[in-house]
Amino acid sequence: MGCYGEDKGEINMPIIPDWEAASKVLRQPFPASVVKALPGVATKDGTKALSMLYVDARAVAERLDAAVGPGNWDFGFEVLHNDLKHMVVKGRLTIGEVTREDVGEGKTTGLAGENACKGAVSDALKRCAVLFGVGAYFYRMPQLWLAFDSQKKKFIDEYPYERELKRAGLKG
């Protein structure tokens, strides 16, 4: 079983005339309203977890649209592995005449595999976009230990995003 929308290798893209301007928009920090913190490893007692920042694929697509225009980028993917519970895809993001590739993976507990496909494709898009600078600053942001509810598997405390952007020198 493949994924709906799997890349067929057809790309017909206009050339982006101003990479400097596009790069500034691509590399801008995201607003706090779209940034989420995912819990990583938790302490043995489950009261704290390491925070990892991310945005969803819609925020990445909106950033690409803002930077280069909706008609000036293209994303395709190829399924590398699919066993209905775990899928790996190779994503291919093209802006103008420049293409970046990376892999994404997704998992599902259902039988149909749709969640695995959606997760893998979204992950691949985000990873490809980082190669153009989108969200790359997340790797410079600290992973903080935050109060964590291990039963609900979610943070009790909110990641201090605005404060940490300033500390990282990414916001005035």
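Residues numbered from 1 in each chain as written. Predicted model: local features only at pLDDT ≥ 70, side-chain atom pairs only at ≥ 80, totals over all residues. Heavy atoms only, no water.

A few words now on the confidence of the model for the chain. Mean pLDDT over the chain stands at 89; residues scoring 70 or higher make up 85%. At the level of individual helices and strands, the chain shows its lowest average pLDDT in helix α3 (residues 114–130), which scores 92, and its highest in helix α2 (residues 57–68), which scores 97. (pLDDT = per-residue confidence, 0-100. Helix = DSSP H or I, 4+ residues; strand = E, 2+ residues; numbered from the N terminus.)

We now examine the nonpolar core. F30, V35, L64, L93, Y137, F138 and Y161 are the most contacted members of the largest nonpolar core, which has 31 residues in total. Elements with a contribution of two residues or more to this core: α1 (19–27), β2 (48–54), α2, β4 (86–95), α3, β6 (145–149) and α4 (161–167). Ignoring any residue separated from it by four or fewer positions in sequence, one finds Y137 in contact with R27, Q28, P29, F30, V35, Y161, L165 and L170. Core analysis: the next-biggest nonpolar cluster, separate from the first, contains nine residues, M87, V89, A120 and A124 among them. (Core = buried A, V, L, I, M, F, W, Y, C linked by side-chain atoms within 4.5 Å. Buried < 20%, exposed > 50% of the residue type's maximum accessible area, 1.4 Å probe, protein only. Contact = heavy atoms within 4.5 Å.)

Moving on, we come to the sheet that holds β6. With antiparallel pairing, four strands are arranged side by side in an open sheet as β1-β2-β6-β7. Of all the strands in the sheet, just β1 (36–42) and β7 (154–155) have a single pairing partner and so form its edges. Relative to β2, β1 runs antiparallel, the two being bridged by five bridges. Residue pairing in the sheet places K36 in a bridge with Y54 of β2. (Pairing = 2+ DSSP bridges.)

On to the packing of α1 against α2, then. Two quantities define a packed helix pair, namely the angle between the helix axes and the distance between the axes. Two elements in contact, α1 and α2, have axes whose closest approach is 8 Å; the angle formed by their N-to-C orientations is 155°. For the element pair α1 / α2, the angle class is roughly antiparallel. Along this stretch, α1 crosses α2, giving a crossing that reads as right-handed. Judged by residue contacts, A22, V25 and L26 of α1 engage R63, L64, A66, A67 and V68 from α2. In terms of residue class, the contact of α1 with α2 is built from seven nonpolar, no polar and one charged. (Axes fitted to C-alpha atoms, helices over the stretch in contact; angles between N-to-C directions. Parallel < 35°, antiparallel > 145°, perpendicular 65-115°, else oblique. Left-handed = near helix turned anticlockwise from the far one by under 90°. Nonpolar A, V, L, I, M, F, W, Y, C, P; charged D, E, K, R; others polar.)

The next point concerns unusual backbone geometry. A positive phi angle, near 55°, is found at K153, a position not held by glycine. When you line up the elements, K153 lands in the loop between β6 and β7. Here K153 falls in the exposed class, since its relative accessible area comes to 61%.

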